[in-house]
Amino acid sequence: MLLKTPQYDLRGHPEVYEPSEDSFLLLDALEQELGFLEALEPLFALEIGSGSGVAITALASCLKCECFATDINPDACEATAETAALNRTRVNCINMDLLFNFRENLFDVILFNPPYVVTDSAEIRGCGLSRAWAGGCTGREITDQVLCNLQNFLTPKGVCYMVILKENNIDEITSLVRKNNFRSEVIKDRKIRGEHLFILKFSKNV
Ligand SMILES: C[S@@+](CC[C@H](N)C(=O)[O-])C[C@H]1O[C@@H](n2cnc3c(N)ncnc32)[C@H](O)[C@@H]1O
């Protein structure tokens, strides 16, 4: 099954993360998962940190579910809404810190291509574009906030797809989610210009 890469136009949004290799790796993983996702029959899907909105727009275009996107950068929320409209679909865009304002156990699908670069902790509190990549110590200061709360936001059948960098330490991530009875599997990886990127899929142990 094919997942169409959405059209987007960020000319009016210079402070929004331009889709890059990590974004396209996530799209490739979603294409690979499309059969699984259709069979899951999700009611609600969310992309955290949607940036241009290409990933959630791609999902919204082929799944019959209500799609949401959050971003800490208000310009990214605007860009995501525009990308959805450009591709004749609908995504509810909310300027929010991660996903903490949603009610619990709502989402069947969560996507997150987080700021994952290892940086000084102070950098994660910057504004605009630096928020797109600065991941603080181990590159997981933002990611871990979501990983430690998956059980509160996913439905029992829910899945989360996340972009991870090798330096983020997959073994530690696996132990972290295992504490809350989640399993993780690598469903795709790619080496790009000195970076080794992975897509992890998290789901509840049954
Ligand atoms: C690596 S970019 C990914 C953008 C887009 N999802 C993609 O794949 O091209 C990370 C995004 O997360 C957003 N972000 C960073 N910290 C966030 C937070 N605490 N809550 C919500 N969004 C956040 C950034 O503004 C940025 O748009």
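Residues numbered from 1 in each chain as written. Predicted model: local features only at pLDDT ≥ 70, side-chain atom pairs only at ≥ 80, totals over all residues. Heavy atoms only, no water.

1. Notes on the pattern of salt bridges
Now for step 1: Evaluated as defined, the whole model comprises seven salt bridges.
Now for step 2: In this structure, arginine 193 and glutamate 21 form a salt bridge, with 2.3 Å as the shortest nitrogen-oxygen distance. Pair noted here: arginine 193 is in the loop between β6 (182-192) and β7 (195-204) and glutamate 21 is in helix α1 (residues 21-40), with a separation of 172 residues, a long-range link.
Now for step 3: Take arginine 193: its relative accessible area is 72%, and that puts it in the exposed class.
Now for step 4: Arginine 140 is the salt-bridge partner of aspartate 144, the closest N and O atoms lying 2.7 Å from each other.
Now for step 5: With a relative accessible area of 6%, arginine 140 lands in the buried category.
Now for step 6: Residues participating in the shared-partner salt-bridge network are Arg140, Asp144 and Glu172. (Salt bridge = Lys/Arg side-chain N within 4 Å of Asp/Glu carboxyl O. Helix = DSSP H or I, 4+ residues; strand = E, 2+ residues; numbered from the N terminus. Buried < 20%, exposed > 50% of the residue type's maximum accessible area, 1.4 Å probe, protein only.)

2. Remarks on the sheet that holds strand β4 (residues 107-112)
Now for step 1: Taken together, seven strands build an open sheet; the order of strands is β3-β2-β1-β4-β5-β7-β6 and the sheet is mixed. Whereas interior strands pair on both sides, the edge strands pair on one side only; in this sheet they are β3 (92-95) and β6. Here the average twist between neighbouring strands, direction ignored, is 15 degrees.
Now for step 2: The strands touched by helix α3 (residues 74-86) within the sheet are β2 (66-71) and β3, with β3 carrying the most contacts at an inclination of about 175 degrees. (Pairing = 2+ DSSP bridges. Axes fitted to C-alpha atoms, helices over the stretch in contact; angles between N-to-C directions. Contact = heavy atoms within 4.5 Å.)

3. Focus on the packing of helix α2 (residues 54-62) against α3
Now for step 1: Interaxial distance between α2 and α3 falls to 9 Å at its minimum, and their mutual angle equals 35 degrees. Seen along the crossing, α2 lies across α3 with a hand that is right-handed. Of the residues in α3, those touching α2 at Val54, Ile56 and Thr57 are Thr80, Thr83 and Ala84.
Now for step 2: The residue inventory of the contact of α2 with α3, partitioned by class, reads three nonpolar, three polar and no charged. (Left-handed = near helix turned anticlockwise from the far one by under 90°. Nonpolar A, V, L, I, M, F, W, Y, C, P; charged D, E, K, R; others polar.)

4. Overview of the site of the ligand
Now for step 1: The ligand sits among 17 residues. The nearest are Ser23, Gly49, Asp71, Asp97 and Leu98.
Now for step 2: Between the ligand and leucine 98 there is a distance of 2.8 Å, counted from a nitrogen atom to a backbone nitrogen or oxygen.
Now for step 3: Its free accessible area being 600 Å², the ligand has 98% of it covered by the protein chains.
Now for step 4: When grouped by side-chain class, the residues that make up the shell around the ligand number seven nonpolar, six polar and four charged. (Near = heavy atom within 4 Å. Polar contact = N/O pair within 3.5 Å; in protein donor to acceptor, adjacent residues only side chain to side chain. Areas by Shrake-Rupley, 256 points an atom, 1.4 Å probe, with all protein chains shown as cover.)

5. Some points on the side chain of histidine 13
Now for step 1: By the secondary structure assignment, histidine 13 is in the segment before α1.
Now for step 2: Residue histidine 13 is classed as buried on the basis of its relative accessible area of 5%.
Now for step 3: Side chain to side chain, histidine 13 and glutamate 82 meet in a polar contact 3.0 Å long.
Now for step 4: Excluding its chain neighbours within four sequence positions, the residues that come into contact with histidine 13 are Asp75, Glu78, Ala79 and Glu82.

6. Focus: the state of the cysteines
Now for step 1: Counted by the stated rule, this structure contains zero disulfides.
Now for step 2: Cysteine 65 forms no disulfide, and the closest cysteine sulfur to it belongs to cysteine 67, at a distance of 3.9 Å.
Now for step 3: Cysteine 160 carries a free sulfur, and the closest cysteine sulfur to it, the one in cysteine 148, is 12 Å from it. (Disulfide = S-S within 2.5 Å.)

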